Amino acid sequence: MEGGQISFGDNSEGVFASDPRTGTSFYTGGWRLAYNGANNGTVKFRSSNSDIPIWSFETAIGDKLQGPNILKGSMVYVRKGRQGILVAFGGYETATPGTQIFDSFWDQRPLTEIFIYDIFSSTWYHQTATGEVIPELRTESCATVSSAPDDSSFQITIHGGWDQLNRRAFNDVYVLSIPSFRWIKVEDSGNPDLAGIDQPGRNRHKCDMWNETSMIVTGGEITLGVWNTSLLAESCNATYPPVKVLDVSTYEWQTEFNPTLTYSVPKVVTDVIGGE
């Protein structure tokens, strides 16, 4: 395997995304990349030719933005622009030591701060998001992407996460609509985690999208309480399912997976950004 001159063997918990059209994966941030502003850059892994996989480590030249300096955040691929873009947000801001949390090296990043990587030009940009209700500070959430039928807008749906400042987990849903970069609070229904009286949050889980419509949530920790928290489930059980599915056209949690569902921009989004 060919590659660039970088190896941080114990780096982990950065953000990553893949371009399905080219077989290229991207990674940045974590415990070693961008540690207090050092070693920042973007790792690319090209696997389109399985006989000769190639990886590289790219850093910005001059005064260009090096990257989001991010730990335990989210990043997704969006098929916008000449070769697509990456959108990163949330997590910890690791460029400088933090003051927000007494037992943490870094501060949690406001979700108004959005980082965009243009794949064609290999350039990072910073964008400020707005909205009537901005998601609360969080790490360890998950995110997926859906596109309007004409690609006029893209909806990034996030679910759950962990707030280290207040020691609590979330079980909520927000959507970031682009190119307007508006956060929208979603009133989802039928979340199986919230069927009982406990009302816990879920963090450290993973999300995948099927047919731009079904957001499949797997794993994670089920955490109850604020500040003095307890884990209700460290492994799979029937009360808090290891797999749950959200229809992002209606934001209704499904009782079973339906692979034939198709996506339409939900009304909670069009009421804000317009369109159909």
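Here the structure is shown first, and the text comes after it.
So, here's what we can say about the structure. (Residues numbered from 1 in each chain as written. Predicted model: local features only at pLDDT ≥ 70, side-chain atom pairs only at ≥ 80, totals over all residues. Heavy atoms only, no water.)

Here we look at the environment of Asn69
Summarising the element assignment, Asn69 is placed in the loop between strand E4 (54-58) and strand E5 (70-71). Sequence separation between Asn69 and Pro97 is 28 residues; the distance between their C-alpha atoms is 12 Å. (Helix = DSSP H or I, 4+ residues; strand = E, 2+ residues; numbered from the N terminus.)

Here we look at the pairing of strand E15 (residues 182-186)
The sheet contact formed by strand E14 (residues 168-178) and E15 spans five bridges and is antiparallel. Following the sheet pairing, Ser177 is matched in E15 by Arg182. Taken together, E14 and the strand that follows it, E15, pair antiparallel across an intervening segment of three residues, in which Phe181 is found at a positive phi of about 50°. (Pairing = 2+ DSSP bridges.)

Structural notes on the sheet that holds strand E9 (residues 107-108)
Strand order in the open sheet formed by three strands is E5-E8-E9, with antiparallel pairing between adjacent strands. One side of each edge strand has no neighbouring strand; the edge strands of this open sheet are E5 and E9.

Focus on the state of the cysteines
Counted by the stated rule, this structure contains one disulfide. Between Cys142 and Cys207 runs a disulfide, and the two sulfur atoms are separated by 1.7 Å. You can see Cys142 sitting in strand E12 (residues 142-147) and its partner Cys207 sitting in strand E17 (residues 206-210), a full 65 residues away along the chain. Comparing Cys142 with Cys207, the two get one shared label, buried. (Disulfide = S-S within 2.5 Å. Buried < 20%, exposed > 50% of the residue type's maximum accessible area, 1.4 Å probe, protein only.)

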